[in-house]
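Residue strings, one per chain:
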Amino acid sequence: MNIVDTAVSAGNFNTLVAAVKAADLVETLTGTGPFTVFAPTDEAFAALPAGTVDDLLKPENKAKLAEILTYHVVAGKVMSADLSDGMTPPTVNGKLVTIHTVGGVKVNEATVSTADIDADNGVIHVID
């Protein structure tokens, strides 16, 4: 299964999958890759201020949504064993994220709760 199929089958990425569809990124994330996705769960989306997700899913916010989502994707398959403290991989949208490995793995300030969910075209790391 590819990254999107894997996210759908997990059952706790419904908001993320809806956002990927709204941003027209399904074809990209089902493509060859490989990709590393730092995937927020439905619970993580629910923690955002009220109305944030609904606003981002509007057609007029498609470009902003795509920018946010591609900030959660790194080109290549980066497994947890490949991570080192302080590394700053570029995301697909060109901005850098900072990886912290001391006291648990974090991507910027988001905690990785589950790592290394393998997919045919990459890997998913679950963030809060």
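Before reading on, note that the structure itself is shown above.
Asks: So what exactly am I meant to see when it comes to helix H1 (residues 3-10) here?
Replies: Residues three or four positions apart in an α-helix share a direction because the helix packs 3.6 residues into each turn. Here H1 has its buried residues at Ile3, Val4, Thr6 and Ala7. In an axial view of H1, the angular spread of the buried residues amounts to 160°, which keeps them on one side of the axis. The backbone nitrogen of valine 4 lies 3.0 Å from a side-chain oxygen of the residue at the head of H1, namely asparagine 2. Phi turns positive one or two residues past the end of H1, at glycine 11, with a value near 85°.

Asks: Just checking my understanding: could you explain the sheet that holds strand S5 (residues 110-119) for this structure?
Replies: The pairing of strands in a sheet comes from backbone hydrogen bonds and takes either a parallel or an antiparallel form. Strand order in the open sheet made by the 6 strands is S2-S1-S6-S5-S4-S3, with mixed pairing throughout. Each of the sheet's edge strands pairs with one partner strand only, and the pair in question is strand S2 (73-75) and strand S3 (99-100). Relative to strand S6 (residues 122-127), strand S1 (residues 35-40) runs parallel, the two being bridged by 6 bridges. Of the residues in S6, the one forming a bridge with phenylalanine 35 is glycine 122.

Asks: Help me understand empty space enclosed by the protein, please; the structure alone is not making it clear to me.
Replies: Space left empty within the atom packing is revealed by a probe, the size of a water molecule, rolled over the atoms. Tallied over the entire structure, the rule returns 1 cavity of 30 Å³ or more. Empty space within the largest cavity amounts to approximately 30 Å³. Every residue along the wall of the largest cavity is listed here: Thr15, Ala19, Phe45, Val53, Leu56, Leu57 and Leu65. At the level of secondary structure, the elements contributing two or more residues to the lining of the largest cavity comprise helix H2 (14-22) and helix H5 (52-56). Residues that form the lining of the largest cavity fall into these classes: 6 nonpolar, 1 polar and no charged.

Asks: What's the story with unusual backbone geometry in this structure? I'm lost.
Replies: With glycine set apart, most residues show a phi of negative sign, and most peptide bonds adopt trans. Glycine 33 connects to proline 34 through a cis peptide bond whose omega is 0°. Its location among the elements puts proline 34 in the loop between helix H3 (26-29) and S1. Residues other than glycine seldom take positive phi values, yet asparagine 108 does so here, at roughly 55°. Checked against the element boundaries, asparagine 108 lands in the loop between strand S4 (106-107) and S5. In this structure asparagine 108 comes out as partly exposed when scored by relative accessible area, which is 24%.

Asks: Just checking my understanding: could you explain the nonpolar core for this structure?
Replies: One recurring pattern in soluble globular proteins is that nonpolar side chains are buried together. Among the nonpolar cores identified, the biggest contains 24 residues, and Phe13, Leu16, Leu29, Val37 and Leu69 are the most heavily contacted of them. When residues of this core are traced back to their parent elements, those giving at least two are H1, H2, S1, H5, helix H6 (62-70) and S6. Considering each element in turn, this core owes the most residues, 4 residues, to H2. Apart from residues no more than four positions distant in its own chain, leucine 29 is found in contact with Asn2, Ile3, Val4, Val20, Phe35, Val37, Val73 and Asn121. If you look at the next biggest cluster of nonpolar residues, it comprises 10 residues, including Val78, Ile99, Ala110 and Ile127.

Asks: Where do I start with the side chain of threonine 36 in this structure?
Replies: Along the chain, threonine 36 turns up in strand S1. Within the local environment of threonine 36, its side chain forms a polar contact with the backbone oxygen of glycine 76, the two atoms lying 2.6 Å apart. Engagement of the side chain of threonine 36 in a polar contact is seen with the backbone nitrogen of valine 78, the distance being 2.7 Å.

The rules we used
- Residues numbered from 1 in each chain as written.
- Predicted model: local features only at pLDDT ≥ 70, side-chain atom pairs only at ≥ 80, totals over all residues.
- Heavy atoms only, no water.
- Buried < 20%, exposed > 50% of the residue type's maximum accessible area, 1.4 Å probe, protein only.
- Helix = DSSP H or I, 4+ residues; strand = E, 2+ residues; numbered from the N terminus.
- Arc of directions from axis to C-beta.
- Polar contact = N/O pair within 3.5 Å; in protein donor to acceptor, adjacent residues only side chain to side chain.
- Pairing = 2+ DSSP bridges.
- 1 Å grid on protein atoms, 1.4 Å probe; cavity = no way out; pocket = protein on both sides within 12 Å on 5 of 7 lines; lining within 4 Å.
- Points joined across faces, edges and corners; volume = space filled by probe spheres on them.
- Nonpolar A, V, L, I, M, F, W, Y, C, P; charged D, E, K, R; others polar.
- Core = buried A, V, L, I, M, F, W, Y, C linked by side-chain atoms within 4.5 Å.
- Contact = heavy atoms within 4.5 Å.

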